[in-house]
Amino acid sequence: MRILLVEDDDSLAQAVAAVLSKQNYVVDIAADGEAGWELVTVCNYDLILLDVILPKLDGISLCRQLRQEGYKMPILLLTAKDSRTDKVMGLDAGADDYVVKPFDFGELSARIRALGRRGNSSLPPVLEWGNLRLDPSSCEVTYAGNVLHITAKEYSILELFLRNNQRTFSRSAIVDHLWGADTDPPADDTIKSHIKSLRQKLKAAGAPYNFIETVYGLGYRLKPDAKKQKSQESKEEPTPTQQEIFSAAVAKAREDFQAKVGSRITVLEQASNALKEGTLNSGLQQNAEQEAHKLAGSLGSFGFARGSLLAEKIESILQSQTPINQVQSQHLCELVTELQRELEKTTTDEQILSEQRQKMLLIVSGDRQVVEQLVKEAATQGMHIDIAINTADARSAIESSSPDVVLLDLDCSDEVKDSLKLLTELSNRTPPIPVLVFTDRSNFAERLEVARAGGRSFLHKSMPPKQMLELVIQTIQSISVSKTRVMVVDDDPQVLTLIWNLLEPWGIKLTTLEDPRRFWETLTEFSPDLLVLDIKMPHVNGIELCQVVRNDPYWSKLPVLFLTAHVTADTVDRIFATGADDCISKPIEGAKLITRIFKRLELISKKT
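Predicted, not measured: the structure shown is a model, and the values here were computed from it. (Residues numbered from 1 in each chain as written. Predicted model: local features only at pLDDT ≥ 70, side-chain atom pairs only at ≥ 80, totals over all residues. Heavy atoms only, no water.)

## Description of the environment of Lys87
Then, in step 1: Mapped onto the elements of the fold, Lys87 is located in helix H4 (residues 84-93).
Then, in step 2: Placed 10 residues apart in sequence, Lys87 and Leu77 show a C-alpha to C-alpha distance of 8.0 Å.
Then, in step 3: Those residues in contact with Lys87, other than ones at most four positions away along the chain, are Thr79, Tyr98, Val100 and Glu372. (Helix = DSSP H or I, 4+ residues; strand = E, 2+ residues; numbered from the N terminus. Contact = heavy atoms within 4.5 Å.)

Structure, rendered in structure tokens:
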């Protein structure tokens, strides 16, 4: 996909371009509206990222001009904070969506993916042609379930063919779509080389060599017959490599931004000092105002949410139409100093924020106003956000980003039952993904349906965003199993190995015991949060061990889960009479065991 970014803040523009390039987008940059218009007239773009406040020709005027001239590519506005008028005017001028500065890079990527899907309503979130499957969210390409290891340019060529699967592309058309305006166009042999390499990699994965077909005299296209092949759904999890690349790109962009931000702070310092000395001229004041405006729009995108607010306050003072008085002058000086300190935060602070950002929240809602407020609040919490506007997009986002929790608008689909179906699916996953529901409605019947489907909370849309996010954070904390300690006692070493292999990947600390005679010393040394016991063991059976635990004042509340091959009514009665919390029958079903253990750990967290 080829994107035009029209943004006059060079630091932000370069950072956005760097991050998007790592996701296999081709990005051209224009520093003003007129340059943006010139690029659109000579290049083919799939999407435009358009800042509102631009030199020479503002973003809304450019958007209106593009639509009047018949350009139909999606336009995503980058608007200033709390600029409701800009949003309304931009959408009326023909924009398809907007992101408020400062924005989260993950949210920006999600909105670009959503607009890419919306640009051709016939295309699903995952692009397929026969057994070929390309997932734009993870940038993974598979053929018949086999992962293709392709270059970024090869990926772009395949995506171009899949998004325009009825079209034949000449070599020059491929160049127009996939090479930036500031790069020299490649020779024809380069395109031939890319196509040849793709064919070889597809063939190695099981595709016919002419899967990418040559139409002599015209160019290349996907072979029509290939569409008739039965698509084989890959069961592999999306590769985490692309997520790691994205995170590294954002980190690098932040580092580059910090290296350049000093010159902007210097301008603010100069204006502040000149104001104190009574020598501030209109040119310096205007320059400082522009720098403050850019900082307000970009700092939050790099993790400096408070810095963004400080820059906004500085901009407000500098854009005053009346002379700045002594009190305002002193306040400006304090704000600039505070902003400097904010940008000099220690690595420890950054590490804390980084750890917080590991938690992913997926918001499923088409209510732009509510989503914007939640995203703004989440930025202050250091939480990573993904957005889906409907349940179909949500399923795609869940597979690619693996959220820790989902905030689901019950009204996000045409019918409530679609949202409830998604809720049920997430509750039945192993492990389940917790879902908090929010809606304008509040009747008992819907509350009951949400509870039956496995929803964790039923929230009203009128609830303040901060309170909603607090509940989200509490939910994440309550289901965290990392560092939880589980002790398993079973005389069958194969069962112990099976349970170890099932639980260890989740970060759970485990200890296993074959000889129940060493139970007490192991229990007191390991100090588990959950105990798993087999019933029938030599020397000491599981029910006796449970009685020992329940008789001790310190361990009496320890959750106990039984494994039993004897699922008779009498056995189950004895288990629960002893004080067990749950029991699972043998042979062990991995999914069932994990779900039960996670449910029990979740209850422990809620009690604490």
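## Thoughts on the packing of aromatic side chains
Then, in step 1: In total, this model carries five aromatic pairs according to the counting rule given.
Then, in step 2: Relative to Phe105, the ring of Phe103 lies with its centre 5.7 Å away and its plane at 80°, an arrangement referred to as edge-to-face. Here Phe103 matches Phe105 in class, with each residue buried.
Then, in step 3: Consider the rings of Tyr143 and Phe211, whose centres lie 5.6 Å apart with planes at 90°: the pair is edge-to-face. (Phe/Tyr/Trp six-rings, centres within 6.5 Å; stacked < 30°, edge-to-face > 60°. Buried < 20%, exposed > 50% of the residue type's maximum accessible area, 1.4 Å probe, protein only.)

## Things to note about the environment of Gly283
Then, in step 1: Tracing the backbone shows Gly283 in helix H10 (residues 282-298).
Then, in step 2: Spatially, the C-alpha atom of Gly283 lies 9.9 Å from that of Ala271, the residues being 12 residues apart in sequence.

## Overview of the sheet that holds strand E17 (residues 485-489)
Then, in step 1: Taken in spatial order, the five strands line up as E18-E17-E19-E20-E21 in an open sheet, and their pairing is parallel. Of all the strands in the sheet, the pair left with one neighbour each is strand E18 (509-513) and strand E21 (582-585). The mean inter-strand angle of the sheet, taken between neighbouring strand axes irrespective of direction, is 20°.
Then, in step 2: With four bridges joining them, strand E20 (residues 560-564) and E21 adopt parallel strand pairing. Bridge pairing links Leu563 to Ile584 in E21.
Then, in step 3: Contacts from helix H19 (residues 493-503) reach E17, E18 and E20, with the element oriented near 180° to E18. (Pairing = 2+ DSSP bridges. Axes fitted to C-alpha atoms, helices over the stretch in contact; angles between N-to-C directions.)

## Side note on unusual backbone geometry
Then, in step 1: One non-glycine residue, Lys56, lies in positive phi territory at about 70°.
Then, in step 2: Here Lys56 lies in the loop between strand E3 (47-51) and helix H3 (59-68).
Then, in step 3: Here Lys56 falls in the exposed class, since its relative accessible area comes to 64%.
Then, in step 4: Its identity as a non-glycine residue notwithstanding, Ser527 has a phi of 55°, on the positive side.

## Points about the sheet that holds strand E9 (residues 146-147)
Then, in step 1: Pairing in this open sheet of four strands is antiparallel, and the strands run E6-E7-E8-E9 from one edge to the other. Each having just a single partner strand, strand E6 (127-129) and E9 make up the two edges of the open sheet.
Then, in step 2: Here four bridges tie strand E7 (residues 132-135) to strand E8 (residues 140-143), and the two strands are oriented antiparallel to one another. Bridge pairing in E8 links Asp135 to Glu140.

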